[in-house]
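Structural overview
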Amino acid sequence: MSTVLKNFDTWKKFLGERVKHAERSGLSDEAISHLAYEIGGFLDEKIDPQNASNRALKELWDVGNEEERKTIARLMVKLAKENA
């Protein structure tokens, strides 16, 4: 996982593959976005960003309220799907 976090393009592709797998497994867009929100919270608390792009996302996450964080999560899912 550490290698995946070091390069933002690799991270987007990794996330995109996981989103596509979740869709094939029958998870709804809403469920996937909820999981992305939960994962975002975990990453914010436990993982030090490994590159400038992830650092910027963390800073946005940190200043956002709950609704804004949910929006970030939905946008990350959308971005990941485009990079799968």
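Check the entry above for the structure.
Structure report, in brief. Since this is a predicted model, take the numbers as computed values, not measurements. By convention here, each chain's residues receive numbers from 1 onward along its written sequence. In view of the model being predicted, local features appear only for residues whose pLDDT reaches at least 70, and side-chain atom pairs are presented and counted only at 80 or more, with totals across whole chains, interfaces and linings using the full set of residues. Only hydrogens and water are set aside when side-chain values are computed; all heavy atoms of the structure are taken into account.

Take the side chain of Asn 51 next. If you trace the backbone, Asn 51 turns up in the loop between helix H3 (29–46) and helix H4 (52–63). In terms of polar contacts, Asn 51 uses its side chain to reach the backbone amide nitrogen of Asn 54, at 2.7 Å. Helical segments are the DSSP runs of H or I of at least four residues, strand segments are the runs of E of at least two, and each set is numbered from the N terminus. For the purposes of these results, a polar contact is taken to be a pair of N or O atoms within 3.5 Å, where, inside protein, one atom must be able to donate a hydrogen and its partner to accept one; residues adjacent in sequence count only when each atom of the pair is a side-chain atom.

Further remarks concern the nonpolar core. Across soluble globular proteins, you tend to see nonpolar side chains buried next to one another. For our purposes a nonpolar core is just a set of buried Ala, Val, Leu, Ile, Met, Phe, Trp, Tyr and Cys residues, chained together by side-chain atoms within 4.5 Å. For each residue, the accessible area found with a 1.4 Å probe, counting protein chains only, is set against the maximum for its type, and the residue is called buried under 20%, exposed over 50%, and partly exposed in between. In terms of nonpolar packing, the biggest core is built from eight residues, these being Phe 8, Trp 11, Phe 14, Tyr 37, Trp 61, Ile 72, Ala 73 and Met 76. Residue assignment for this core shows that the elements contributing at least two residues are helix H2 (8–24) and helix H5 (66–82). Core analysis: the second largest hydrophobic core is formed by five residues, Val 19, Ala 22, Ile 32 and Val 77 among them.

With that settled, the discussion passes to the packing of H4 against H5. All axes here are fitted lines through C-alpha atoms, helices being fitted over the stretch that makes contact, and every angle between N-to-C directions spans 0 to 180 degrees. Between H4 and H5, whose axes approach to 8 Å, the crossing angle comes to 150°. For the element pair H4 / H5, the angle class is roughly antiparallel. Judged by the twist between their axes, the crossing of H4 over H5 is left-handed. Judged by residue contacts, Leu 57, Leu 60, Trp 61, Asp 62 and Val 63 of H4 engage Glu 68, Arg 69, Ile 72, Ala 73 and Met 76 from H5. Put simply, angles under 35 degrees are roughly parallel, angles over 145 are roughly antiparallel, angles from 65 to 115 are roughly perpendicular, and the rest are oblique. We call a crossing left-handed when the near helix sits turned anticlockwise from the far one by less than a right angle, and right-handed when that turn is clockwise. Residue contacts follow a heavy-atom distance rule, with two residues in contact if any of their heavy atoms lie within 4.5 Å.

With that settled, consider the packing of H2 against H3. Two elements in contact, H2 and H3, have axes whose closest approach is 10 Å; the angle formed by their N-to-C orientations is 140°. With respect to H3, the axis of H2 lies oblique. Of the two possible hands of crossing, H2 and H3 adopt the one that is right-handed. Touching Trp 11, Val 19, Ala 22 and Glu 23 of H2 are Asp 29, Ile 32 and Leu 43, all from H3. Note on residue classes: Ala, Val, Leu, Ile, Met, Phe, Trp, Tyr, Cys and Pro are nonpolar, Asp, Glu, Lys and Arg are charged, and everything else, Gly too, is polar. Classifying every residue of the contact of H2 with H3 by side-chain character gives five nonpolar, no polar and two charged.

Remember, this is a structural readout, not a statement about activity or role.
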